[in-house]
Amino acid sequence: QQEEWAKLKDEPTFSKEGEQVELVANIGTPNDIDGVLNNGGEGVGLYRTEFLYMGKSELPSEEEQFEAYKTVLERMDGKPVVVRTLDVGGDKELSYLNLPKEMNPFLGFRAIRFCLENEAVFRPQLRALLRASAYGNLKIMFPMIATLEEFRQAKSILLDEKKSLKADDVKVSEDIEVGIMVEIPSTAVTAKQFAKEVDFFSIGTNDLIQYTMAADRMNERVSYLYQPYHPAILNLVNNVIQAAHKEGKWTGMCGEMAGDPIAIPILLGLGLDEFSMSATSILPARTQIKNLSKKDISKHKEQILSMRTADEVVEFIREITE
Ligand code: PEP
Ligand code: MG
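Residues numbered from 1 in each chain as written. Chains lettered and ligands numbered in written order. Predicted model: local features only at pLDDT ≥ 70, side-chain atom pairs only at ≥ 80, totals over all residues.

S.K.: Which parts of the structure should I look at to understand the pairing of strand 5 (residues 137-142)?
M.R.: When a strand is regular, its side chains alternate between the sheet's two faces. Most of strand 5 sits out of view: five of its six residues are buried. Where strand 4 (residues 80-84) lies against strand 5, five bridges are found, and the strand directions are parallel. In the sheet register, valine 82 faces strand 5, and the bridge partner there is lysine 139. One ladder, built from four bridges, connects strand 5 with strand 6 (residues 177-182); its direction is parallel. Residue pairing for strand 6: lysine 139 is matched across the bridge by glutamate 177. For the segment spanning strand 5, helix 7 (residues 148-167) and strand 6, crossover handedness is right-handed. (Buried ≥ 20, exposed ≤ 12 C-beta atoms within 10 Å, placed from the backbone. Helix = DSSP H or I, 4+ residues; strand = E, 2+ residues; numbered from the N terminus. Pairing = 2+ DSSP bridges. Right-handed = clockwise from strand over helix to strand, strands pointing away.)

This is the structure:
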């Protein structure tokens, strides 16, 4: 099996009938790039930048961030790299920011909510990203977007920094796609409206599942409700993909679900364009997709989306992919 995987290392990813999808990796630091390249990653689908901010006593400088982003872009050598802007709060705490304790941190002041109110933190990150964009194929993604106003505000700050860098004759790529994480149900439901303004979506199922099922992703007692294959989740995922495609945009997924062998056939059938997972899952996923017919699975799409329970979905997927 290892041998079969190795053969696919430098190959693109095709389904049985030759439909192409993209298999990319989630990373946390530039050190993870070796793993991405050794495992045949076609790019980076989620660079979680929190690690730059964690385990230290103060904010990372613009320069420090620029070096990290540039390293990742250069090493990926023109392959796409989706960098997510700072997603603090929730399960990711930064002691030096002295944020007050909240009753419901997952529903609180985190990620883009924090960044839009703390431009002194947000702007240096955006400048570092814009400067690094000259060294590869950068895409910028905002986390925890709940409303279109948040996206517009974040994008306008980005464009503002771009203008100021260009005024100083700093080289900035003109081809940076700007997209959002879809991890809040309001955004998944109104994907049609978002699709007119964003360049891409990446579905963050780790959070989307917890918010849709109202089940804390860290709480064992309610983990039985944390159901990736629940028809509610699949219908939201489908809605996002359809909305994107109608506007000629692409949709990825960067939650754990994207690398899950049971979810992969469903996501392929729903038309997901990009699957972002831990590097070690890439070659197994490529092997699996090579043996799946996207067309056959998509014939069952309406049936799957109308199922009543997650168990019913799993049983059906097992049957049709055996
Ligand atoms: C997600 O929510 O699915 C996601 C990828 O982000 P994180 O796990 O970092 O919250
Ligand atoms: Mg998330």
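Back to the write-up after that little detour.
S.K.: Looking at this model, I keep getting lost on the nonpolar core. Mind explaining?
M.R.: It is characteristic of soluble globular proteins that their nonpolar side chains tend to be buried jointly. Counting 90 residues, the largest nonpolar core has Val44, Ile180, Val240 and Leu267 as its most contacted members. In terms of residue count, helix 11 (residues 231-246) provides more of this core than any other element does, eight residues in total. (Core = buried A, V, L, I, M, F, W, Y, C linked by C-beta atoms within 7 Å.)

S.K.: Can you help me understand helix 11 in this one?
M.R.: In an α-helix, one full turn covers 3.6 residues, which means residues spaced three or four apart are oriented alike. For helix 11, with 16 residues, the first-to-last C-alpha span of 22 Å sits near the 22 Å given by 1.5 Å per residue. For helix 11, the complete set of buried residues consists of Ile233, Leu234, Leu236, Val237, Asn238, Val240, Ile241, Ala243 and Ala244. One or two steps after helix 11, the chain reaches glycine 248, where phi turns positive at roughly 70 degrees. (Expected span 1.5 Å × (residues − 1).)

S.K.: Hey, could you run me through the site of ligand 1 in this one?
M.R.: Near ligand 1, the surroundings consist of Leu46, Arg48, Asp87, Glu183, Gly204, Thr205, Asn206, Asp207, Cys254 and Gly255. Those elements giving two or more residues to the shell around ligand 1 turn out to be strand 3 (44-48) and helix 10 (205-213). With three residues, helix 10 is the single largest residue contributor to the shell around ligand 1. Across the shell around ligand 1, the residue classes tally to two nonpolar, four polar and four charged. (Near = placed C-beta within 6 Å. Nonpolar A, V, L, I, M, F, W, Y, C, P; charged D, E, K, R; others polar.)

S.K.: Would you mind showing me how to read the environment of proline 100 here?
M.R.: Its location among the elements puts proline 100 in the loop between strand 4 and helix 5 (111-117). Look at proline 100 and you get exposed, because 6 C-beta atoms sit within 10 Å. The spatial distance from the C-alpha of proline 100 to the C-alpha of alanine 232 is 34 Å, given a sequence separation of 132 residues.

S.K.: Please clarify how unusual backbone geometry should be interpreted in this entry.
M.R.: It is generally the case that most residues other than glycine have a negative phi and that most peptide bonds are trans. Located in the positive-phi region is aspartate 77, a residue other than glycine, with phi close to 50 degrees. Structurally, aspartate 77 is set in the loop between helix 4 (62-76) and strand 4. A count of 10 C-beta atoms within 10 Å places aspartate 77 in the exposed class. Even without being a glycine, alanine 111 presents a positive backbone phi close to 50 degrees. Following the sequence through the fold, alanine 111 ends up in helix 5.

S.K.: How should the pairing of strand 2 (residues 20-27) be read in this particular structure?
M.R.: With respect to burial, strand 2 is a largely interior element, six of its eight residues being buried. Here strand 2 pairs with strand 9 (residues 274-277) via four bridges, running parallel. Bridge pairing links glutamate 22 to glutamate 274 in strand 9. For strand 2 and strand 3, the ladder comprises three bridges, and the chain directions are parallel. When the bridges of strand 3 are listed, isoleucine 27 appears paired with tyrosine 47.

S.K.: Where do I start with the confidence of the model for the protein in this structure?
M.R.: Predicted confidence across the protein gives a mean pLDDT of 96, with 100% of residues reaching 70 or more. For this predicted complex, the interface confidence comes out at an ipTM of 0.99, alongside a pTM of 0.97. (pLDDT = per-residue confidence, 0-100.)

S.K.: Explain the packing of helix 10 against helix 11 here, please?
M.R.: Each pair of packed helices can be described by the angle between their axes along with the distance between the axes. Where helix 10 meets helix 11, the closest approach of the two axes is 10 Å, and the angle between their N-to-C directions is 125 degrees. Looking at the two axes, helix 10 sits oblique to helix 11. Here the hand of the crossing between helix 10 and helix 11 comes out right-handed. The segment helix 10 lies against helix 11, with Leu208, Ile209 and Thr212 engaging Ala232, Ile233 and Leu236. (Axes fitted to C-alpha atoms, helices over the stretch in contact; angles between N-to-C directions. Parallel < 35°, antiparallel > 145°, perpendicular 65-115°, else oblique. Left-handed = near helix turned anticlockwise from the far one by under 90°. Contact = placed C-beta atoms within 7 Å.)

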